[in-house]
Amino acid sequence: MRTASTSPATGTGCEPGFRGVICVSFDTADALKDYATAGVSRHDLCFTSATPDALANLRSALGRSRVGVRVVLAGPPADVHAAASVAAECGLVDEEMTLRCNEVGPRVIFCGHCHTSTTTDHPIGTNVDCQGCGTTLTFTDHFSRRVGGYLGFSAHAEEAA
């Protein structure tokens, strides 16, 4: 959970007590270049993907932030949702986050059977094999921010009964 700080942010960095907009882009540095913050202080973070190091940097920036900070996340769905999950772990609520996912890009499928995450470029509504248990999964647009992925379920569950 974020703690409130009495020291105001100075400059454009994300100093302790920062209360403004943290703009995080994945895959392309220009994704949020023209994003308007209405004169509110801004801190930009650009990463190639949501690697553990990138998410640790985001977690650190959010840990230094002050209540009232906003986060804008842009890039491929898998990266944006992983970062949104980290932001939620840090105490941000949905109203404090803006997600701007690319139309295409990898998606994370969460297996309801073995709880493993599988990354795929397949479109919603298709099948993918779970990397954990090998079950053929179907996934819809049911997305869980808590696990940062789309819920996958056995594609052939009716046939097994």
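Look up: the structure comes first, before these words.
So, the sheet that holds strand β2 (residues 42–47)
Across the sheet, four strands lie side by side as β2-β1-β3-β4; this open sheet has parallel pairing. Of all the strands in the sheet, just β2 and β4 (97–101) have a single pairing partner and so form its edges. Strand-to-strand twist of the sheet, defined as the mean angle between neighbouring strand axes without regard to direction, takes the value 10°. Note: strand β3 (residues 70–75) against β4, five bridges, orientation parallel. Paired with Gly 75 across the strands is Cys 101, a residue of β4. Against the sheet, helix α1 (residues 52–64) contacts β1 (21–26), β2 and β3, and its axis sits at roughly 170° relative to β2. With respect to the sheet, helix α2 (residues 77–89) is in contact with β1, β3 and β4, its orientation differing from that of β4 by roughly 170°.

Some words on the packing of aromatic side chains
Tallying each qualifying case throughout the model produces three aromatic pairs. Judged by centre distance (6.3 Å) and plane angle (50°), the rings of Phe 139 and Tyr 150 are tilted. Of this pair, Phe 139 sits in strand β8 (residues 136–144) while Tyr 150 sits in strand β9 (residues 149–154), and the two are eleven residues apart along the sequence. Here Phe 139 and Tyr 150 have matching classes, each one buried. Arranged with centres 5.0 Å apart and planes meeting at 70°, the rings of Phe 143 and Tyr 150 form a pair that is edge-to-face. A residue is classified by how much of its surface remains accessible, and Tyr 150, at 10% relative accessible area, is buried.

Description of α1
Given 3.6 residues per helical turn, the α-helix brings residues three or four places apart onto the same face. An ideal rise of 1.5 Å per residue puts 18 Å on 13 residues; α1 measures up with 18 Å between its terminal C-alpha atoms. Residues of α1 that are buried include every one of Ala 54, Leu 55, Leu 58, Ala 61 and Leu 62, and no others. The arc enclosing the buried residues of α1, seen along the axis, measures out at 120°, which places them on a common side. Exposed side of α1, more than 90 degrees from the buried face: Pro 52, Asp 53 and Gly 63 are the residues found there. Here the buried face of α1 lies against β1, β2, β3 and α2.

Comments concerning the pairing of strand β6 (residues 117–120)
Across the two faces of β6 the burial differs, with Thr 118 and Thr 120 buried and Ser 117 and Thr 119 not buried at all. As judged from the four bridges shared by strand β5 (residues 107–111) and β6, these two strands associate in the antiparallel manner. Each residue of the ladder has a partner; that of Phe 110, found in β6, is Ser 117. In this structure, the hairpin formed by β5 and β6 is closed by a connection of five residues, where His 115 is found at a positive phi of approximately 65°.

Calculation notes
Residues numbered from 1 in each chain as written. Predicted model: local features only at pLDDT ≥ 70, side-chain atom pairs only at ≥ 80, totals over all residues. Heavy atoms only, no water. Pairing = 2+ DSSP bridges. Helix = DSSP H or I, 4+ residues; strand = E, 2+ residues; numbered from the N terminus. Axes fitted to C-alpha atoms, helices over the stretch in contact; angles between N-to-C directions. Contact = heavy atoms within 4.5 Å. Phe/Tyr/Trp six-rings, centres within 6.5 Å; stacked < 30°, edge-to-face > 60°. Buried < 20%, exposed > 50% of the residue type's maximum accessible area, 1.4 Å probe, protein only. Expected span 1.5 Å × (residues − 1). Arc of directions from axis to C-beta.

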